[in-house]
Amino acid sequence: MPTIEENRLAFEADVKHKNTSVYPVLKIADDYFSINNVEFEGNTCKPLLLKVPSVKESVDIESRKFKTGVMSFELNNYEYLRTILSDYVNQYQNQLLYLYYVSQTGYIEAYSGEVRRIKHTEKSVTIEAEDLTEQRTHQSLPKSYYMAYGTNVHAPTIITATSVDADDEEVF
């Protein structure tokens, strides 16, 4: 079985040719979806994907904020293998989702995120996912303490074992 790097290199070589075929494959939990009935990594893809998924990101330079990449895609809601997608689609809520682009001999992972919103009608199911950028870049800030400088009899004080020097005369 080829490694991720070997698949990426094979994909890059495939798309440089004049004639190439690239199609998307979505993996949500243990289910695979594509626009065709194809095999991917030994798994049969359900041919329910209606459109190639789109990803939207934005950065506001002035406020120094960014919106995470939101991917939205639509699946057919017709009966496939005696089940209808809307009957079990809610189990995908908060599940990890991966988007792969597959060529003749390789593939690349184009997106990874978590399912956030699911809507469905009689004909289709729309799923939106957010990428994991916010979780990867989040840092916890240390707890803040108020400080009083000088002499103040009524100011509350936090004393820790390392904050008292041996030379201090009084500790309030």
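Residues numbered from 1 in each chain as written. Predicted model: local features only at pLDDT ≥ 70, side-chain atom pairs only at ≥ 80, totals over all residues. Heavy atoms only, no water.

S.K.: Can you lay out the pairing of strand β2 (residues 31-34) for me, pointing to particular residues and giving the numbers?
M.R.: Residues Asp 31 and Phe 33 point to one face of β2 and Tyr 32 and Ser 34 to the other, with burial holding for every one of them. Looking at chain direction, strand β1 (residues 23-28) and β2 are connected through four bridges and run antiparallel. Its bridge partner lying in β2, Lys 27 is registered against Tyr 32. Counted along the chain from β1 to the antiparallel partner β2, the turn is two residues long, and its residue Ala 29 has a positive phi close to 55°. (Buried < 20%, exposed > 50% of the residue type's maximum accessible area, 1.4 Å probe, protein only. Helix = DSSP H or I, 4+ residues; strand = E, 2+ residues; numbered from the N terminus. Pairing = 2+ DSSP bridges.)

S.K.: Which residues make up the confidence of the model for the protein, and what values go with them?
M.R.: Per-residue pLDDT for the protein has a mean of 80; in total, 73% of the residues score no lower than 70. Per-element mean pLDDT across the protein ranges from 61 in helix α2 (residues 133-137) up to 93 in β2. (pLDDT = per-residue confidence, 0-100.)

S.K.: Go over unusual backbone geometry, please, and point to the residues and values.
M.R.: Most peptide bonds are trans, and most residues other than glycine sit at a negative phi. In the Ramachandran plot, Ala 29 falls in the positive-phi region, its phi being about 55° despite a non-glycine side chain. Tracing the chain through its elements places Ala 29 in the loop between β1 and β2. At Glu 41, a residue that is not glycine, the phi angle is positive and equals roughly 55°.

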